[in-house]
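Architecture and fold: a report
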Amino acid sequence: MNERIEELKVKLIELLNLTDVTPENFDENARLVGGDLGIDSIDVLEMVVMVEKDYGVVINSQEVGEKVFASLTSLADFIQAHTPGNAV
Amino acid sequence: MNLGPVYIAAAGIVSPLGWGLAATEAALRENSSAIGPLDVFPLLQGASLPVGQVAEMDSSLWPSRTHRLARVAARMAMAGCLEPPDAVILGCTTGGILTTEQLLRAGESKKEAYRYHGLFSVAEDIAEQHHCSGPALTVSIACSSGAVAIALALQLLRTGKIRRILAGGVDALSRLTYFGFHALQLVDRNGCRPFDISRQGLAVAEGAGMLLLTTERPDNPLAVLLGAGLSCDAHHPTAPHPEGRGALKAMQTALDDAGLLPAAVDYINLHGTGTPDNDRAEALAITSLFPAPPALSSIKGATGHSLAASGAIEAVISCLAIARGFVPGNTGCRQPDPALNLTPQTVFLARPVGTVLSNSFGFGGNNGCLVFGRDESSPTVNQKERGDLLAIHGSACLTGAGLKPSTLAQLHVGASIAGMLAPNQLEAQLPPRLIRRIKRLARLALLLASSAHEDTEGKEKPAAVFMGTGWGALSETYDFLSRLTESAEQFPSPTDFVGSVHNGPASQVAILFQATGANVTTSGGDYSFEQALLAAQSLLEATDQSALLLGADEGHDPLSFRLDPSITSGPLADGGGALYVNRDPSGARGLVRLAFYGRGQADDLPDRLIAALGGAACIQNDYAAVFAGVPAGIWDQGNRQLAGFLGRIGKGLPVCRYRDFTGEFASASAVAAVMAVSFLEAGCIPGALVGGADVPLESNQKILVLGTGHCLTAMEFMRP
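Going along each chain's sequence as written, the residues are numbered from 1 onward. For this description, chains carry letters from A and ligands carry numbers from 1, given in the order in which they are written. For a predicted model such as this one, the threshold for reporting local features is a pLDDT of at least 70, and the threshold for listing and counting side-chain atom pairs is 80 or more; totals across whole chains, interfaces and linings nevertheless cover every residue.

Here we look at helix α2 (residues 41–55) of chain A
So the rule is basically this: The way it works is that DSSP assigns letters per residue, a run of H or I at least four long becomes a helix, a run of E at least two long becomes a strand, and they are numbered from the N terminus. Expected span, for any helix, means 1.5 Å times one less than how many residues it has. Every C-beta atom is placed from the backbone, and the number of other C-beta atoms within 10 Å of a residue's own sets its class: buried at 20 or more, exposed at 12 or fewer, partly exposed in between. By the convention adopted here, residues make contact when the C-beta atoms placed from their backbones lie within 7 Å.
Compared with the 21 Å implied by 1.5 Å per residue over 15 residues, the 21 Å span of α2(A) between its first and last C-alpha is a close match. Listed in full, the buried residues belonging to α2(A) are Ile42(A), Asp43(A), Val44(A), Leu45(A), Glu46(A), Met47(A), Val48(A), Val49(A) and Val51(A). Those residues of α2(A) that are buried lie in contact with α1 (2–15), α3 (62–68) and α4 (72–82) of chain A together with α6 (175–183) and α16 (494–500) of chain B. Of the residues flanking the end of α2(A), it is Gly56(A), one or two places downstream, whose phi is positive at about 70°.

Here you go:
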């Protein structure tokens, strides 16, 4: 699980071009969307595409999205639970 | 200053509802949706999302589908008019992108194949078709483009210098917009249902709408254009302000401009895209402005959302509603959303309509609102005389040499400033959070804007933004299309789509400054900055409002080489210039106005230019030097015009061919503008730039910045 979180930190820093954030100071439990990082609805859509492309996991409703992108930890949990082949 | 009515002499329309006014009215009477499956281009996978497509269009690549749609509507609007229009103003977001998409996929690298890509080419084509030798302007402000084009036409007609303008909007379906809106999850898979409780989004569509506007009363005018209002949310690149702040301001401004109270409006043509957020924001704005709202409806459930065309198509329908006496139904809305507190007119209603307010809102929070009335209604416009001149209180430029100080230092010794500022140098001068989602053009614009504001040494933030860009955000456009193709159309980037719109950079500037006034992006090829200046001097209020006027383009490999006729090989150049302007000459560093804008091949262009500047003798007296822009791609024609102009003046004015220094890029004239302002302030033009001795500037002498080639343009700069 920690590996997945570390992997996501690197991916999101690159995907969302968070040049002033490092994996070390990226708090996995902090509010991801609407928090201090300035991540908003457009970034959420970009993350939805990344999660589908890289993990084969589809997030297809706003309600689900809000829960999934609450924090890095919740995102990692969701991917873990929904990765094809993983037990829920 | 013309304060009489502006008439709609005729109109043209082509949309998913059909070709022409009669077919459009018949379709509206039926109140059925024309939204259906896509077949303009094949999809690599999956079923088509619903779209609004125009029937009976052929599928040739040249000229592009956008050009052909525009031609159809323009021909209709001009059918009864024997004289050419004095100007053409089009709203357009994507030009010939549908053709470009196919060419890029095929790996085409020949310039000639891409000649219909630019937005500029659409307005030029329509001007050419209808023998217009005045300005052919393109505004590109996302989904408010069509309405803003008509608003700009209104202001130009009010100057009294122009009598007749063909104005409208056009866009064709394309992969960029189809997949772009899909990536933003803004498309309703069940068609489009504005204001319905279960609405889920829009349907991307296409079409064209054109109005022939005139200050001379025609025999049977369709309607009169009473007023217009523009505003910017300055809130978010895509989402509307949650309370509809900008929408409210645009409607209020348009009513004020028309001299009307809200109670005078009989029908509101809603923007009503069918996205949950747009309809909510629009409803909030309407309920706060109208205590008892009149009949209202969105036609987008029938037509879909034709982007830049929509404001013009709906302007045509607003005029039809007045001329023919009807309120269109809000097709697709079965159960009005009670949360919106508004009940749209759900079915077609035949009844007299006197005054219509038509809303158009777009990405970047850009809003345009138009007010139409009956022929007999006479506007009570109490507009202040504003004149042409803009006072410059600050400036900035950005070139291969860097910002203004280093650029001017190079120019003083006659050295080239051509090149592209390294990405890391650009990045180092901007806050990381501000630029993390935007690419080169928007970054250039933000750095130019903040530097020009800093240069004012403490003036308030600008309230309006006018920006010219020849080619728009090439990085985002290219990256979006590349990723779309590479992922077999599975993973289009929402961020790149948002960034690809031509008005993206100006919207970023608006957000930076919280600039909630007009926000207008023009795209006129090598004359984009001149077009932005014309828009600014026409639209900037006579009040103490200040604006940022910018011109910028980015160099992009490979797109710059393929698209821009002047860029052939060698290192790319890019950058631009920015002026902080208002109407207050006290303490100003300089004054500027667009003195002339003509187009076409006519040999009399230099004569008309000279007449506009007051005659050859006047020019000999008043001007110290000419800064001439001769784009390499139209070298022969540009040189002929320049020689014709200089020959007719009969005095050897010093000439600086500024592209020799800036390099070739569409908005190089914005750099020339900043050079002119700076040299006026310094009182001297470096001799190295004009191939002779330093040129001292007397306090009453002006600098003329000419654009040559497809158009002949003149900006004049002088001291206050």
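Section: the nonpolar core
Residues and elements named next belong to chain B. Rules: To define a nonpolar core, we join buried Ala, Val, Leu, Ile, Met, Phe, Trp, Tyr and Cys residues through C-beta atoms within 7 Å and take the resulting set.
Ile150, Ala445 and Phe627 are the most contacted members of the largest nonpolar core, which has 276 residues in total. Per-element tally for this core: the top contributor is helix α10 (residues 308–324), with 12 residues. Sequence-distant contacts of Ile150, that is, excluding residues within four places in its chain, are made with Ala167, Leu211, Leu225, Ala228, Ala312, Ala315 and Leu370.

Re the domain arrangement of chain B
Residues and elements named next belong to chain B. In plain terms, the rule: An automatic or database domain assignment supplies the residue ranges for each domain. For this scheme, ten residues count as nonpolar: Ala, Val, Leu, Ile, Met, Phe, Trp, Tyr, Cys and Pro. Four count as charged, namely Asp, Glu, Lys and Arg, and the remainder, Gly too, count as polar.
Split into domains, chain B comes out as domain 1 (6–373), domain 2 (390–591) and domain 3 (601–718). Each of domain 1 and domain 2 has a C-alpha centre, and these two points are 26 Å apart. Per element, the largest residue contribution to the side of domain 1 that touches domain 2 is six residues, and it comes from α6. Of the residues that constitute the side of domain 1 that touches domain 2, the class distribution is 23 nonpolar, 16 polar and five charged.

Some words on helix α1 (residues 20–30) of chain B
Residue and element names in this part refer to chain B. Counted only if it meets this: Summarising the geometry, the arc corresponds to the directions from the helix axis toward the C-beta atoms.
When α1 is considered as a whole, its buried residues turn out to be Leu21, Thr24, Glu25, Ala27 and Leu28. One side of α1 holds all its buried residues, which, seen down the axis, span an arc of 165°. Relative to its buried face, α1 has exposed residues pointing more than 90 degrees away, namely Ala22 and Ala26. Each element contacted by the buried residues of α1 is listed here: β1 (6–15), β2 (18–19) and α10.

Some thoughts on the environment of Cys132(B)
All names here are of chain B. Counting through the fold element by element, Cys132 comes out in the loop between α4 (119–129) and β6 (136–139). The spacing of Cys132 and Pro84 is 48 residues in sequence and 5.4 Å in space, taken between C-alpha atoms. Setting aside residues up to four positions removed in sequence, Cys132 forms contacts with Pro84, Pro85, Ala87, Val88 and Ala127.

Concerning the pairing of strand β15 (residues 366–373) of chain B
All names here are of chain B. Put simply, the test is: At least two bridges found by DSSP between two strands is the condition for calling them paired.
Of all eight residues that make up β15, eight are buried, and the element is covered over most of its length. By the bridge criterion, eight bridges tie strand β9 (residues 223–232) to β15 in an arrangement that is antiparallel. Residue Gly229 lies in a different strand from β15, and its bridge partner there is Cys369. Remark: three residues form the turn of the hairpin made by strand β14 (residues 355–362) and β15, two consecutive strands paired antiparallel; Gly364 in that turn has positive phi of roughly 85°.

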